Amino acid sequence: MPDGRSGDIGGGQILVAEKGVGGTALLGSYCATKAAVIQVTRVATFEMRASGVRVIAVCPGFADTAMVDRLVPDFEAATQIPFGDLVAAKQGRLGTPEDIAEVTLFLASDRASWITGSHYILDGGLSASLV
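Given the structure is predicted, the values throughout are model-derived calculations rather than measurements.

The number of helices and strands found in the protein is four helices and three strands. Across the 131 residues that make up the protein, the buried fraction comes to 31%. In the protein, the proportion of contacts linking residues at least 24 apart, taken out of those at least 6 apart, comes to 72%. Element-wise, carbon and sulfur atoms account for 60% of the exposed surface of the protein, whose accessible area totals about 7,600 Å².

With that out of the way, let us pick up the pattern of salt bridges. As enumerated under the stated definition, the model contains one salt bridge in all. A salt bridge links Arg93 to Asp99; the nearest nitrogen and oxygen atoms lie 2.9 Å apart. Look at Arg93 and you get partly exposed, because its relative accessible area is 47%.

On to the nonpolar core. Core analysis: the biggest nonpolar cluster contains eight residues, these being Phe62, Val68, Val72, Phe75, Phe83, Leu86, Val87 and Leu126. For this core, the secondary structure elements donating two or more residues are helix H2 (66-79) and helix H3 (83-91). Judged by nonpolar contacts, the second largest core, of five residues, contains Ile56, Val58, Ile100 and Leu107.

We now examine the side chain of Arg54. Here Arg54 is to be found in the loop between helix H1 (28-48) and strand E2 (57-60). There is a polar contact of 3.2 Å between the side chain of Arg54 and the backbone oxygen of Ile115.

A word on the environment of Cys59. Structurally, the position occupied by Cys59 is in strand E2. In the structure, Cys59 is positioned 64 residues away from Asp123 in sequence and 7.7 Å away in space, judged by C-alpha atoms.

Moving on: H3. Inspection of H3 places Phe83, Leu86, Val87 and Gln91 among the buried residues, and these make up the whole buried set. Angularly, the buried residues of H3 cover 100° about the axis, an arc narrow enough to put them on a single face. Projecting away from the buried face of H3 at angles above 90 degrees are the exposed residues Asp85 and Ala89. Looking at the buried positions of H3, the neighbouring elements they touch are H2. Just downstream of H3, Gly92 is the residue with a positive phi angle, here 85°.

So, on to the packing of H2 against H3. With their axes 9 Å apart at the nearest point, H2 and H3 run at an angle of 105° to one another. Judged by the angle between their axes, H2 and H3 are roughly perpendicular. On H3, the residues touching Val68, Val72, Phe75 and Glu76 of H2 are Phe83, Gly84 and Leu86.

Further remarks concern the confidence of the model for the protein. In this model, the protein carries a mean pLDDT of 82, and residues with pLDDT of at least 70 account for 79%. The low-confidence segment residues 1-9 (pLDDT under 50) makes 12 contacts with residues lying over four places distant or belonging to another chain.

As a further point, take the packing of aromatic side chains. All told, the structure shown has two aromatic pairs when counted by the stated rule. Their ring planes at 85° and their centres at 5.1 Å tell us that Phe62 and Phe83 sit as a pair that is edge-to-face. In this pair, Phe62 is assigned in the loop between E2 and H2 and Phe83 in helix H3, connecting sequence segments 21 residues apart. Like Phe83, Phe62 is buried.

Rules used throughout
- Residues numbered from 1 in each chain as written.
- Predicted model: local features only at pLDDT ≥ 70, side-chain atom pairs only at ≥ 80, totals over all residues.
- Heavy atoms only, no water.
- Helix = DSSP H or I, 4+ residues; strand = E, 2+ residues; numbered from the N terminus.
- Buried < 20%, exposed > 50% of the residue type's maximum accessible area, 1.4 Å probe, protein only.
- Contact = heavy atoms within 4.5 Å.
- Areas by Shrake-Rupley, 256 points an atom, 1.4 Å probe, with all protein chains shown as cover.
- Salt bridge = Lys/Arg side-chain N within 4 Å of Asp/Glu carboxyl O.
- Core = buried A, V, L, I, M, F, W, Y, C linked by side-chain atoms within 4.5 Å.
- Polar contact = N/O pair within 3.5 Å; in protein donor to acceptor, adjacent residues only side chain to side chain.
- Arc of directions from axis to C-beta.
- Axes fitted to C-alpha atoms, helices over the stretch in contact; angles between N-to-C directions.
- Parallel < 35°, antiparallel > 145°, perpendicular 65-115°, else oblique.
- pLDDT = per-residue confidence, 0-100.
- Phe/Tyr/Trp six-rings, centres within 6.5 Å; stacked < 30°, edge-to-face > 60°.

Pasting the structure below:
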């Protein structure tokens, strides 16, 4: 158990998609549930602190994954925008699972022992360019 002096307060995390802080065509329900997870992250931080659990949300944008691949045809049909063009303009490139893993591994490490109750947006600037 954490002694309150060592800085070690455990290591539980929550992973949530970037859509919790922005919106995307065709993903209304998905975006709403991810926004709820960000709020749960905040609340759980205080509920779990005494147990030594840190709660952190990692919010990746579009990454080179099978899930994103499945969304492309419907997204392009609904928006009439080539997905590759949107990615290039809004976040520079698709993220990689390794991009997300590097930050997640840091947040799960002892070097991040004081970090809790926050959400980290890993989206190549996509959320900063929402217009």
